Every structure is written in C-alpha cells, then in structure tokens.
Amino acid sequence: RMSAHGPQEPPHLPALPLIGSLLSLRSSHPPHVLFKELQQKYGQTYSLMLGSHCVIVVNQHTHAKEVLMKKGKIFAGRPRTVTTDVLTRDGRDIAFGDYSAAWRFHRKIVHGALCMFGEGSASIEKIIHAQAQSLCSVLSEAAAAGLALDLSPELTRAVTNVICSLCFSSSYSRGDQEFEDMLRYSQGIVDTVAKDSLVDIFPWLQIFPNADLRLLKQCVSIRDKLLQKKYDEHKAVYSDHVQRDLLDALLRAKRSADNNNTAEISAESVGLSDDHLLMTVGDIFGAGVETTTTVLKWAIAYLVHHPEVQRRIQEELDRKVLRIRPVAPLLIPHVALSETSIGPFTVKKGTRVIINLWSLHHDEKEWKNPELFDPARFLNSEGTGVSVPSSSYLPFGAGVRVCLGEALAKMELFLFLSWILQRFSLSVPTGHSLPSLEGKFGVVLQPARYKVTATPRAGWECDGGHVSI
Ligand code: HEM
Ligand code: PLO
C-alpha cells in the first residue's frame, strides 16, 4: 500500500452525508474489535466519517508512534464532545481538555505533586502497603468463613484509598456512605461518558439516548458536590508552609498566581480558576480509581483461569495483563492541530485520530497466539528478568499525552497483586463458572462481575494481613 507517488489520502470507508460511515460500521462487535477487523478490507490505517467528523483509525505500531511520539505535539489535541464537556466543565481538565497552556501547567503540577510522595513517611509505597495489608485481612476473614467472594468492592476501596491519600489526605473505612455514593456515581459516569464521541455513533448502541445524558448529569453533580466539599475543607486550613496532598499543591499554585496578578499570568489564563482546580483533581481521582481497579480485576480473572501461571507468578505482573486486556483500548481520541501526515497519508487539520491499542496488542505479526495469556512472553530466555518482546506495546500511550499515572499504577498493581498472591491461592468457587473474559467496552474496558475463593497458602493460614515486613 506504500506509494512512490508522494502524499495520498488514506483508504476511506464509504460515507453518506449526515450519517457518515454508519452503514459500514454495523456489527455485533465492540468498536476496538470491529476496527481491527476492518483492516482486512482497508489496510492498517484508514479513515471514516463519524457523522460530520473525519476520523483516522491507526491499527499498527509504527503509525501509532508517529502520531503519539514523533508528531506528538501536532496530534496533541482532543475533540470536544457533549458528554466530556458535562464531565469537565467544557474541557477544563487534563485528559479531555484540548492542548493549551492550562493543560501543560496542570500536568506539571500533578507530576510535581506525585513526585513529592516519592520518599518519607507518607511515601506512596507506604500508603499502598497499608492498604494491601487491610485488603488481605478482609480476604482472610472471608477465607476463614469459607465464603465465595466478589473481590471488587474491597479491591476498589484499597485502590481508592491510595488515590484519596494522594489527592485529599483522607481515606474510607468499610461501609462509609461517601464511599458507597462515589462507587455509584463513578460507575454511572463510566457507563455514559465519551459515548457520544464514539460509542453512540455505533448503531447497536443507538444514538446517544437522552436518558444517558440525564444519568451523566446526575452523577456529575453528585461528584462535583464531593469535590467541592474537599476543596472547601482544604481552603479552610490552607497554609503556604505545608503541602499535604495534590489539592494543597493546586491551591498553592493558585495562590501564587493570584498574588502575582500581572497581565501575563492571571489565574484564568493559566487555568487556575476554581473550575480548573476541581476538574484536575477530579481527573486524577477518577483515573486513579477506575483504571487500576479494572486491571486488578482482569488480572485476577486470568489467574483464576490459569492456576499454573498463578503458581509461577513473579514480578511485573502489570505489564503482562495490560497487553491482553488494555484498559483504554482506543486511548482517548487525538486531534491534529495542523495539517500533517501519517506514513504516506495526508491528514487535514482537525482530523480525529483513534489509536487502536487493541490491534497493536493483538497483532499476529508481533504476538504469537495473541489471545493466549502467557506472561512468560515478557521474560528473557533465562526467565530471570523482564524483556518486552515487541515494540507493538503501549498500554499507557506515549509522547506528550502519555498517561500521568503510569508509575503510580505500576507500583499499585505490583504491590497489591504480590500481597494477595503471596498469601492466597485464588480459584473458582465450587458450582460457579469461570469468570468471563469478554469485557464491556466503555471509557474503560471492564470485566463482568465474578466471585473467587481465596485459600490461604501454607504458612499464611493464621492471618493474611497482620505481618511484619
Ligand atoms: C491518560 C492508561 C492509570 C491518569 C491515559 C491514556 C492511557 C492510559 C492509554 C491515554 C493516552 C492518550 O490519549 O494518548 C492507563 C492505564 C492505567 C492508568 C492502563 C492503569 C493500569 C492511571 C492513574 C492515573 C492516570 C492511576 C492517576 C494518577 C491519567 C491522566 C491521563 C491519562 C490524567 C490524561 C493525560 C493527557 O491527556 O494529557 N492513561 N492509565 N492514569 N491517565 Fe492513565
Ligand atoms: C472515570 C469515572 C470518574 O468518575 C471520572 C473519570 C475521570 C477521568 C477518566 C476516568 C473517569 C476514566 C479513565 C480515564 C480517566 C482519564 C484518563 C483515563 C479516561 C471517566 C484513561 C484510561 O485514559
């Protein structure tokens, strides 16, 4: 498909006015799977119309890296959509906000705040340890009672408490009403947000229904009340001399911009309005909960399917699960900020680009037996260290829009899984079937609910949580 005749248009799905390429997108598969299949007919990089928007779909890693890394700044834009505008007060956040001075500034503050937790008594590692310990004691209780257990609520609480410590210096105990409310609104947001940019265009999900928008607005308003409460509490005790968490770091940046009220750096122009601060902390809180929890649930589902792997588990489990079930199979759509190209193909300004991570991670040319769960493919030939066997692997994206939580997420996945697997063997409860590995496509790819039996391993029978290290 390479051409010697200079720049050319990418292969295009048939399109009609108004409905765009809708007719070619009818399928019973979720979009990442359908986009992978369409390669057979249109090649690895092709374009289509979603309504009136031109979208390029990239299914291959060299083009993906050109978009994310080599031309990262050109493709750093984000589309504006009705639902993400509702969630983020018109894009005043990091993840769904367009490329701007405010976006750059907020990434910097978050990065700095997360680095601040590197060492010392409040270090991220210590916070995770404490949560892992309390998670394992809950598992012990269930194990002692011989119960089949849905790990989801306790995993979520452990992961939430880590990000809560980092954002707000707070945590939730079991049965906390605010925590229960958070779970409910967050699932409501996951089920509805970003559907209008992508999912609602697909006929089997119907045109984005009003009931969804109503639910989204309801959930966002509950979330905003929670964020506002944390914000007010922080403002009330704020001091320039102590920085406990991310929210303090954001407040400090705002104070110094407010004091330094020169024309160039007013609070609104660098994005330090109350709205911006709330939306940034909302992003980190939301991403901190939904992503890591989802990967842990996938990991455990696969380990229940593969007891032999469970026995052989070593380090860096995160990498291994992240290939087979990427949390964000289509990343977040990118937008070309100026006219450019991808490989031999011309790209007009304003074109949306979808990187299909699903295709990259299931590319038969790069991965032998892509649907096989085989963590050993990430080990070197001696089995002593980690090596990535293919460059078609980008679970956190890459370039200027790379995930901000990569280091945190890897630390959580490694510590939580190690703690659990050191102490327990996980298996299907008698009479239950194996967890489904299919996944429900949304802003994150979530596994269906399942139960497991946790059996304490030899030497850990007494009390899984209370150990000295
Ligand atoms: C963006 C993956 C955990 C914060 C992203 C993107 C991916 C991703 C694929 C989109 C990149 C793009 O659009 O090109 C993951 C995975 C995680 C994880 C697989 C867990 C296993 C986290 C955590 C945080 C976080 C724990 C919170 C600290 C963010 C933010 C963005 C982002 C703020 C938006 C960056 C931007 O648009 O500039 N992540 N993430 N993520 N992630 Fe994560
Ligand atoms: C999850 C539900 C929360 O209530 C709000 C929220 C904020 C940030 C989003 C996150 C949700 C889903 C996962 C996202 C994250 C920003 C980056 C991350 C989209 C919607 C990924 C994986 O790209």
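Under the UniProt heading Cofactor (unreviewed entry), the note attached to the chain is "heme".

A. Expanded view of the overall build of the chain. Helices and strands together make up the secondary structure of the chain, namely 15 helices and 8 strands. For the chain, buried positions account for 43% of its 469 residues. Of the contacts made within the chain by residues no fewer than 6 positions apart, 74% connect residues no fewer than 24 positions apart.

B. Here's a closer look at the sheet that holds strand β6 (residues 352–355). Taken in spatial order, the 4 strands line up as β1-β2-β6-β3 in an open sheet, and their pairing is mixed. At either margin of the open sheet sits one strand with a lone partner, and together these are β1 (45–50) and β3 (334–335). Pairing geometry for strand β2 (residues 53–58) and β6, over 4 bridges, is parallel. Counted as the bridge partner of Ile56 is Val353 from β6. Where helix α3 (residues 61–70) meets the sheet, its contacts fall on β1, β2, β3 and β6, and the angle it forms with β6 comes to roughly 125°.

C. The packing of helix α6 (residues 124–144) against helix α15 (residues 406–423), seen in detail. Contact geometry of α6 with α15 gives a least axis separation of 10 Å together with a crossing angle of 35°. The handedness of the crossing between α6 and α15 comes out as right-handed. For the pair formed by α6 and α15, the contact residues are Ile124, Glu125, Ile128, His129, Ala132 and Cys136 on the first element and Leu408, Met411, Glu412, Leu415, Phe416, Trp419, Ile420 and Arg423 on the second.

D. Structural view of the nonpolar core. If you look at the biggest cluster of nonpolar residues, it comprises 109 residues, and the most contacted ones within it are Val58, Ile163, Cys167, Leu246, Val281 and Ile355. For this core, the element with the most residues is helix α11 (residues 274–305), which contributes 17 residues. Not counting residues within four places of it along the chain, the set of residues in contact with Leu246 comprises Val110, Ala113, Leu166, Cys167, Val281 and Ile284.

E. Examining the site of ligand 2 more closely. In the region of ligand 2, 16 residues are neighbours, and Ala95, Ser186, Gly286, Ala287 and Ala328 sit closest. Of all the secondary structure elements, the ones that give two or more residues to the shell around ligand 2 are α8 (177–192) and α11. When its residues are assigned to classes, the shell around ligand 2 shows 10 nonpolar, 3 polar and 3 charged.

F. Broad picture of the packing of α8 against helix α9 (residues 210–236). Where α8 contacts α9, the axes come no closer than 9 Å and their chain directions differ by 140°. Pair α8 / α9 crosses with left-handed handedness. In this structure, α8 contributes Glu178, Asp181, Met182, Tyr185, Gly188, Ile189 and Thr192 to the contact, and α9 contributes Asp212, Leu215, Leu216, Cys219, Val220, Ile222, Arg223 and Leu226. Of the residues in the contact of α8 with α9, the class split is 9 nonpolar, 2 polar and 4 charged.

G. Examining the UniProt feature "binding site: heme" (unreviewed entry) in the chain more closely. Per the UniProt record, "binding site: heme" (unreviewed entry) is found at Cys403. As for its position among the elements, Cys403 is in the loop between α14 (357–361) and α15. In this view, Cys403 contacts Phe396 and Gly397; residues no more than four positions away in its chain are not counted.

H. The arrangement of the site of ligand 1 in detail. Close contacts around ligand 1 come from 25 residues, with Ala287, Gly397, Cys403, Gly405 and Ala409 the closest. Within the residue set of the shell around ligand 1, elements represented by two or more residues are α11 and α15. In terms of residue count, α11 provides more of the shell around ligand 1 than any other element does, 7 residues in total. Grouping the constituent residues of the shell around ligand 1 by class yields 17 nonpolar, 5 polar and 3 charged.

I. Local environment of the pairing of β1. Taken across its 6 residues, β1 has 6 buried, putting it largely inside the fold. Here β1 shows no split at all, with Thr45, Ser47 and Met49 on one side and Tyr46, Leu48 and Leu50 on the other all buried. Note: β1 against β2, 6 bridges, orientation antiparallel. By the bridge assignment, Ser47 is partnered in β2 with Ile56. Between the end of β1 and the start of β2, which pair antiparallel, lie 2 residues, with Gly51 showing a positive phi angle near 60°.

J. Quick look at the confidence of the model for the chain. Chain-level pLDDT for the chain is 87 on average; 88% of the residues reach the 70-or-more range. Segment residues 464–469 is flagged for pLDDT under 50; beyond a separation of four residues in sequence, or across chains, it makes 13 contacts in the model. Interface confidence for the predicted complex, given as ipTM, is 0.97, next to a pTM of 0.90.

K. Examining helix α5 (residues 101–116) more closely. Over its 16 residues, α5 extends 23 Å from the first C-alpha to the last, a length consistent with the 22 Å expected when each residue adds 1.5 Å. Among all positions of α5, only Ala102, Trp103, Phe105, His106, Ile109, Val110 and Ala113 are buried. Down the axis of α5, the buried set is contained in an arc of 165°. They therefore lie on one face. Exposed side of α5, more than 90 degrees from the buried face: Ala101, Lys108, His111 and Cys115 are the residues found there. The inward-facing, buried residues of α5 contact α10 (246–259) and α11.

L. Layout of the environment of Pro329. Examined against the element boundaries, Pro329 turns out to sit in the loop between α13 (317–324) and β3. Its 25 C-beta neighbours within 10 Å are what place Pro329 among the buried residues. Here the alpha-carbon distance between Pro329 and Phe441, two residues 112 residues apart in the chain, equals 8.6 Å. In this structure Pro329 touches His32, Leu357, Trp358 and Leu445, once residues within four positions along its chain are discounted.

M. Summary view of the environment of Asp232. Position of Asp232 relative to the elements: it lies in helix α9. Once the C-alpha coordinates of Asp232 and Gln60 are considered, the two residues, 172 residues apart in sequence, prove to be 46 Å apart.

N. The environment of Ile124, seen in detail. For Ile124, the position within the fold is in helix α6. Placed 299 residues apart in sequence, Ile124 and Arg423 show a C-alpha to C-alpha distance of 22 Å. With residues up to four places along the chain from it excluded, the contact list for Ile124 reads Phe117, Leu408 and Met411.

Thresholds, definitions, all that
- Residues numbered from 1 in each chain as written.
- Chains lettered and ligands numbered in written order.
- Predicted model: local features only at pLDDT ≥ 70, side-chain atom pairs only at ≥ 80, totals over all residues.
- UniProt positions renumbered as here; feature names shortened; annotations may be inferred.
- Helix = DSSP H or I, 4+ residues; strand = E, 2+ residues; numbered from the N terminus.
- Buried ≥ 20, exposed ≤ 12 C-beta atoms within 10 Å, placed from the backbone.
- Contact = placed C-beta atoms within 7 Å.
- Pairing = 2+ DSSP bridges.
- Axes fitted to C-alpha atoms, helices over the stretch in contact; angles between N-to-C directions.
- Left-handed = near helix turned anticlockwise from the far one by under 90°.
- Core = buried A, V, L, I, M, F, W, Y, C linked by C-beta atoms within 7 Å.
- Near = placed C-beta within 6 Å.
- Nonpolar A, V, L, I, M, F, W, Y, C, P; charged D, E, K, R; others polar.
- pLDDT = per-residue confidence, 0-100.
- Expected span 1.5 Å × (residues − 1).
- Arc of directions from axis to C-beta.

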